[in-house]
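Architecture at a glance
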Amino acid sequence: MARYTYTEKKDTRSGFGAGLLEAGKKNENVVALCADLVGSLKMEAFIKEFPERFIQTGIAEANMMGMAAGMTIGGAIPFTGTFANFSTGRVYDQIRQSIAYSNKNVKICASHAGLTLGEDGATHQILEDIGLMKMLPGMTVINPCDYNQTKAATIAIAEYEGPVYLRFGRPVVPVFTDPDQKFEIGKAWLVRQGKDVTIIATGHLVWEAIQAAEKLEEEGIDAEIINIHTIKPLDEDAILKSVGKTGCIVTAEEHNKIGGLGESVARLLTTTKLVPQEFVAVNDSFGESGKPAELMTKYGLDAENIILKARKVISRRTLFL
Amino acid sequence: MKKEYSIEQLKGIATQARRDVVRMVHGCQSGHPGGSLGCADFLTALYFKIMNHNPEFNMDGIGEDLFFLSNGHISPIFYSVLARSGYFDIEELKTFRKLNSRLQGHPTTHEGLPGVRMSSGSLGQGLSVAIGAALTKRLKKDNSLVFSLHGDGELQEGQIWEAALFAPAKKIDNLVMTIDVNGQQIDGSTEQVLSLGDLEAKWKAFGWDVINMNGNDMEEVVPTLQSVRERAFKGKPICILMKTNMGHGVSFMTGSHKWHGIAPNDEQLHVALNELQTNLNDY
């Protein structure tokens, strides 16, 4: 059985910053735009290395998205940086018309997603962004789980042609994935093999799923964990293969249960192989101020709740047999 | 493409483009004739005289002048000028707004129509897009120009003013935006709906090099647009306040917001075409 440990904690946004610098070194067409949040997005290293390829837009996200779309004409590969809320909800129509419908090669890079933004509260804690972005035809949606995966994803999206939404977070979290990993867009990562229940997790919930699986093992429950870092396009084969073995599934994400990864999985299962599913996600509410860990506990986005949902979904499985 | 058309020839092409506009809108009984007719002279001059561009369309347009239509609802005149300057067959104009057409109600890159580099229709987005294209030209040391066209009603969108602030602050001086000041929008005059105030003072205060132009006089449009090559690359973006008459060229459509977005009937088409005589051919 795969065991995961960590020696340090780092924020996924720093993985983005490191990946952006690397992508910039690899390809001179990579440019970055930021709406007055350079420090929060960890863009300093890129700016220092490539000052002429950085555009400070000021607090004007709509203009930033439009300019990014325009910059693709002539071959630039723009990476926009701001908080997830201002990367999606605030600029939805700009993304819809000028980026998605126009099929422009823009990388929308969004930090401080979800509850783990913490003390700033619900105005800044978007829990609807995955839903907003995945509904746009042609949009790729990626939510990596740690520093190394975020860095690898950032490098990978620079090499991919088409609009991408890359979502990451603020707090430091365990670094447990391979620093030399090759990130494949749309390809799930089988974190842990098991036969009793499938846990599908994305973003910060992957580490929680690993913790849950180890505790479930003590109860004699053998959980399989799949990391879906690419919510769209969804690796349907990986999910179907796993539920074919386990017959039940828990989805875990730092997002509203409406519109998130869980719903994408439910859509897949209802049209292919119907198995019971439980959701670890925010129950259609806004967030609030607090420490990230306190919020994750209060809203049930932790290992404890994954364990409860795993037990529940296993008990429901008999109804489907 | 940059041909040596005389002013008289350009007037003839603009009149033909106006014939296309009313016939296209009549053909599908849908679309926006008013603003299209008002901007016919400007777009004809731009595509047949001013811009260095290649109808063998390439999205990146490196080394070419680029144009972005921000007020996408005047798609009929955009499509007519693109077709007549060689981007696609003029026969395709008859498919405007019909099922399975590349000539969507509002311009889009989605159907692969040559000459269209950005979808538009939802207003207020094109200035940002044009600035972005100008930024990449600057980065790549491409000394061609980026043009954009906007409605005056469109200036009521907030994104325009984000972009208006950005371009002078960052010295985007390879950019020429033109505002179609026809004073009309769907619900009435701009004065009644939401007054735009003193546009010249506003754009100057934001730091733009402002030019006034009568957009329905080819004798004035051509030299004014030619002058922007001299005024560009001097540290300021250029804003042309282009006074036009909505519906210009068709007497019963002229000067009224009522013809912003409705189609002529058979009888009205007949009257309009009688007023728009050319020695060119209809599609």
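Keep in mind that what you see is a predicted model, and the values were worked out from it rather than measured. (Residues numbered from 1 in each chain as written. Chains lettered and ligands numbered in written order. Predicted model: local features only at pLDDT ≥ 70, side-chain atom pairs only at ≥ 80, totals over all residues. Heavy atoms only, no water.)

1. Side note on the interface of chain A and chain B
Defined as follows: Two residues form a contact once any of their heavy atoms are found within 4.5 Å. Accessible area that two parts lose when put together, with a 1.4 Å probe and added across both, is what the buried area reports. Salt bridge criterion: a side-chain nitrogen from Lys or Arg within 4 Å of a carboxyl oxygen from Asp or Glu. Distance and chemistry together define a polar contact, namely a pair of N or O atoms within 3.5 Å, with one atom able to donate a hydrogen and the other to accept it when in protein, and with adjacent residues in sequence counting only for side-chain atoms on both sides. Helix and strand definitions follow DSSP, with helices as H or I runs of at least four residues and strands as E runs of at least two, each counted in order from the N terminus. In the scheme used here, Gly and all other residues not listed as nonpolar or charged are polar, with Ala, Val, Leu, Ile, Met, Phe, Trp, Tyr, Cys and Pro taken as nonpolar and Asp, Glu, Lys and Arg as charged.
Taken residue by residue, the interface counts 28 residues in chain A and 30 residues in chain B. When chain A packs against chain B, the two sides together hide about 2300 Å² of surface, and 54% of this comes from carbon and sulfur. Sorting the residues of chain A by area buried against chain B places Ile73, Gln97 and Tyr101 of chain A first, and these three jointly supply 29% of that buried surface. Counting across the chain A and chain B interface gives 0 salt bridges. At the boundary of chain A and chain B, one finds 19 residue pairs in polar contact (both at pLDDT 80 or more). Contributing elements (two or more residues each) for the side of chain A that touches chain B: β3 (54–56), α3 (61–71) and α5 (92–100) of chain A. Take the side of chain A that touches chain B: its biggest share by element is 8 residues, from α3 of chain A. Grouping the amino acids of the side of chain A that touches chain B by side-chain chemistry returns 10 nonpolar, 13 polar and 5 charged.

2. Quick notes on helix α5 (residues 126–139) of chain B
All names here are of chain B. Using the following cut-off: Here, expected helix span is obtained from the residue count minus one, scaled by 1.5 Å. Accessible area is worked out with a 1.4 Å probe on protein chains only. A residue is then buried under 20% of its type maximum, exposed over 50%, and partly exposed in between.
For α5, built from 14 residues, the straight-helix expectation of 20 Å at 1.5 Å per residue is met to within 8% by its first-to-last C-alpha distance of 20 Å. Most of α5 sits out of view: 12 of its 14 residues are buried. Along α5, the residues classified as buried are Gly126, Leu127, Ser128, Val129, Ala130, Ile131, Gly132, Ala133, Ala134, Leu135, Thr136 and Lys137. At the C-terminal side of α5, Lys141 shows a positive phi close to 55°.

3. A closer look at the sheet that holds strand β12 (residues 230–232) of chain A
Residues and elements named next belong to chain A. Our working rule: By the convention used here, strands pair only if DSSP detects at least 2 bridges between them. Structural elements are reduced to axes, namely lines fitted to C-alpha atoms, with helices fitted over the stretch in contact, and the angle between N-to-C directions of any two is expressed from 0 to 180 degrees.
Spatially, the 7 strands line up as an open sheet ordered β3-β2-β4-β5-β7-β6-β12, and their pairing is mixed. Of all strands in the sheet, those with a lone pairing partner are β3 and β12, marking the two edges. When the angles between neighbouring strand axes are averaged without regard to direction, this sheet yields 20°.

4. Observations concerning the domain arrangement of chain A
All names here are of chain A. We apply this condition: Throughout, the edges of the domains are those of an automatic or database domain assignment.
Each assigned domain of chain A is listed with its residue range as follows: domain 1 (9–174) and domain 2 (189–320). A C-alpha centroid distance of 26 Å is found between domain 1 and domain 2. Counting residues at the interface gives 33 residues for domain 1 and 33 residues for domain 2. Across the domain 1-domain 2 interface, the total number found is 1 salt bridge. Of the charged contacts, one joins Lys291 and Glu119 as a salt bridge, the two residues approaching to 3.4 Å between their closest N and O atoms. If you look at where domain 1 meets domain 2, you find 25 residue pairs in polar contact (both at pLDDT 80 or more). The leading source of residues in the side of domain 1 that touches domain 2 is helix α6 (residues 129–134), at 4 residues.

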